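# Residue-level structural notes
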Amino acid sequence: VTESPDPIDAWIAELRRQLRYDPFLASRVLKEVADHLSDAASAEQRAGASPQDARRRAVGRFGSPESFAAGLPRYELTLRLASLVVATATIVAAVFIVVAMLRLVPSSESATLPVWLVAAVSFLMYGALTRLCVLRASQGVVESLMALSSAFAAVSGVAIVGHSGYLGRVTGDWDYYVIMFGGVLIAHALTVLLHLYCLKDECLPVNLPGRPGRQNGRLDRS
Amino acid sequence: MSTSTPLVPGHVDALLLAIVSRGPIHGYAIIERLRSSSDGVFDLPEGTVYPALYRLERLGLVQSQERSVDGRKRRVYSLTRTGRAALQERKRIWHRVAHGMSAVLGRT
């Protein structure tokens, strides 16, 4: 004889399945709804229902997991996963640039190495910062890395322009260097834009337990 | 059993803000208090309240944090300063609508 599954456990399992692509949202919603269903079942039991009936009525009052999940802000999934994918790809690109720089760039092109190094570090910082924002690292870590990356972007931006200008003047090959430092500056601009995007509350609307949340785009210091 | 007086989303938001304005409260208690405060008139489908709370939180009208309630960690909601101002505005609009409705319906 197979024992019928507990109605609340089965309901939560189905909701977990519905939210399987959004672990951030699931980690908050599942516990909150489980607490709610537990309270509702206790109330039903106090009103005279048997334990099993009480749990069945509790999920009946709440509605189906499918309709509940459909009402949640699911677009978070796309935003968060897209941010994570882009951040991870950026870190991979940074590693690739460093490896290519060390193994493939001929010694005659060694003058370009600092620029590629800056590009690699920029990509690495952007990737790390975005991942920390999306995964909600502690406020201190995010702010420290943001300050560090901003300072690095400012200093390296000036250095790249000067370095490329110098090389262009020495070699007379301006096209190559304009493209080179132009590309890195575009990467910096994208970094800044994506950092700003990551700080918007629309990107991170849900406070996860035990981690600092945001209110109106600001880190919540409470 | 739900008596389900029809509500438009704006009214649900105003009711939730009003309940939360009385102090930090968790989702289940919000529904209970709404039901008892309205003498059973507003018995919302329970699954509709959380998406509404998440939306209000995203708009910055309520905030939430985990707190110990009766020995259990629960997520409780409270009103932000912006939420308090929004509640006052919705109350003002509601009083005007109610006054106008009473004036028209009272003459029929």
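What you see is a predicted model; the values in this text were computed from it and never measured.

Thresholds, definitions, all that
- Residues numbered from 1 in each chain as written.
- Chains lettered and ligands numbered in written order.
- Predicted model: local features only at pLDDT ≥ 70, side-chain atom pairs only at ≥ 80, totals over all residues.
- Heavy atoms only, no water.
- Helix = DSSP H or I, 4+ residues; strand = E, 2+ residues; numbered from the N terminus.
- Buried < 20%, exposed > 50% of the residue type's maximum accessible area, 1.4 Å probe, protein only.
- Contact = heavy atoms within 4.5 Å.
- Areas by Shrake-Rupley, 256 points an atom, 1.4 Å probe, with all protein chains shown as cover.
- Pairing = 2+ DSSP bridges.
- Axes fitted to C-alpha atoms, helices over the stretch in contact; angles between N-to-C directions.
- Arc of directions from axis to C-beta.
- Phe/Tyr/Trp six-rings, centres within 6.5 Å; stacked < 30°, edge-to-face > 60°.
- pLDDT = per-residue confidence, 0-100.
- Buried area = accessible area lost by both parts, 1.4 Å probe.
- Salt bridge = Lys/Arg side-chain N within 4 Å of Asp/Glu carboxyl O.

Scanning chain A for helices and strands turns up eight helices and two strands. Residue burial in chain A is summarised as follows: out of 222 residues, 42% are buried. Considering only intrachain contacts with a sequence separation of at least 6, the fraction spanning at least 24 residues in chain A is 69%.

Along the backbone of chain B there are four helices and three strands. In chain B, the order of α-helices and β-strands from amino to carboxyl end is α-β-α-α-β-β-α. For chain B, the proportion of its 108 residues judged to be buried stands at 38%. Accessible area of chain B: about 6100 Å², with a carbon and sulfur share of 58%.

Time to look at the side chain of B:His26. Counting through the fold element by element, B:His26 comes out in strand 1 (residues 25–26). Apart from residues no more than four positions distant in its own chain, B:His26 is found in contact with A:Asp39, B:Val69, B:Arg74, B:Arg75 and B:Val76.

Residues and elements named next belong to chain B. What the three strands build is an open sheet, ordered 1-3-2; its pairing is antiparallel. Either end of the sheet is taken by a strand with one partner, and the two such strands are strand 1 and strand 2 (62–69). Two elements, strand 1 and strand 3 (residues 72–79), share two bridges in a ladder whose sense is antiparallel. What sits directly across from His26, in strand 3, is Val76. Here helix 3 (residues 49–58) sits on the sheet and contacts strand 2 and strand 3; the angle it forms with strand 2, its principal contact strand, is near 120 degrees.

Residues and elements named next belong to chain B. The backbone phi angle of Asp39 is positive, close to 55 degrees, even though this residue is not glycine. Here Asp39 shows up in the loop between helix 2 (27–37) and helix 3. Judged by relative accessible area, Asp39 falls into the exposed class, the value being 71%.

Residue and element names in this part refer to chain B. Across eight bridges, strand 2 lies against strand 3 in antiparallel orientation. Residue pairing in the sheet places Ser64 in a bridge with Tyr77 of strand 3. Counting the residues that bridge the hairpin from strand 2 to strand 3 gives two residues, and of these Asp70 lies at a positive phi of roughly 50 degrees.

Taken residue by residue, helix 2 of chain B has B:Gly27, B:Tyr28, B:Ile30, B:Ile31 and B:Leu34 as its buried positions. One side of helix 2 of chain B holds all its buried residues, which, seen down the axis, span an arc of 160 degrees.

The next point concerns the packing of aromatic side chains. Inspection of every chain in the model, using the stated rule, returns five aromatic pairs over all chains. With 6.2 Å between their ring centres and 50 degrees between their planes, A:Trp11 and A:Phe68 make a pair best called tilted. Here A:Phe68 lies in helix 4 (residues 65–70) and A:Trp11 lies in helix 1 (residues 7–18), a separation of 57 residues in the sequence. As far as burial versus exposure is concerned, A:Trp11 and A:Phe68 are alike and both buried. An angle of 45 degrees between the planes, with centres 6.5 Å apart, marks the rings of B:Tyr50 and B:Tyr54 as tilted. Placement of the pair is B:Tyr50 and B:Tyr54 together in helix 3, with a separation of four residues, close to one helical turn. The residues B:Tyr50 and B:Tyr54 share a single accessibility class, namely buried. Here a set of aromatic residues connected by ring pairs shows up, and it is made of A:Trp11, A:Phe62, A:Phe68, B:Tyr50 and B:Tyr54.

Our focus in this paragraph is the confidence of the model for chain B. Regions with low pLDDT carry predicted coordinates that are not meant to be interpreted in detail. This prediction gives chain B a mean pLDDT of 86; 90% of its residues lie at or above 70. Prediction confidence for the complex, expressed as pTM and ipTM, is 0.57 and 0.83 respectively.

The next point concerns the interface of chain A and chain B. How big an interface is tends to be stated in terms of accessible area lost as the parts join. Facing the 24 residues of chain A at the interface are 25 residues of chain B. Together, the buried faces of chain A and chain B total about 2200 Å²; carbon and sulfur atoms form 44% of this surface. Between the two partners, chain A and chain B, sit six salt bridges. Residue A:Asp35 is joined to B:Arg72 by a salt bridge in which the shortest nitrogen-to-oxygen separation is 3.5 Å.

Moving on to the pattern of salt bridges. All chains considered together, the criterion is met by 19 salt bridges over all chains. The salt bridge involving A:Arg28 is made with A:Glu32; its shortest N-O contact spans 3.7 Å. Note that A:Arg28 and A:Glu32 are positioned in helix 2 (residues 23–46) at a spacing of four residues, about one turn of the helix. Judged by its relative accessible area of 7%, A:Glu32 falls in the buried class. Of the charged contacts, one joins A:Glu44 and A:Arg57 as a salt bridge, the two residues approaching to 3.5 Å between their closest N and O atoms. Of this pair, A:Glu44 sits in helix 2 while A:Arg57 sits in helix 3 (residues 51–62), placing them 13 residues apart in sequence. On the basis of relative accessibility, which here comes to 13%, the residue A:Glu44 falls in the buried class. What you see here is one network of salt bridges that share partners, running through A:Glu44, A:Arg57, A:Arg61, B:Glu32, B:Arg35, B:Asp43 and B:Glu46.

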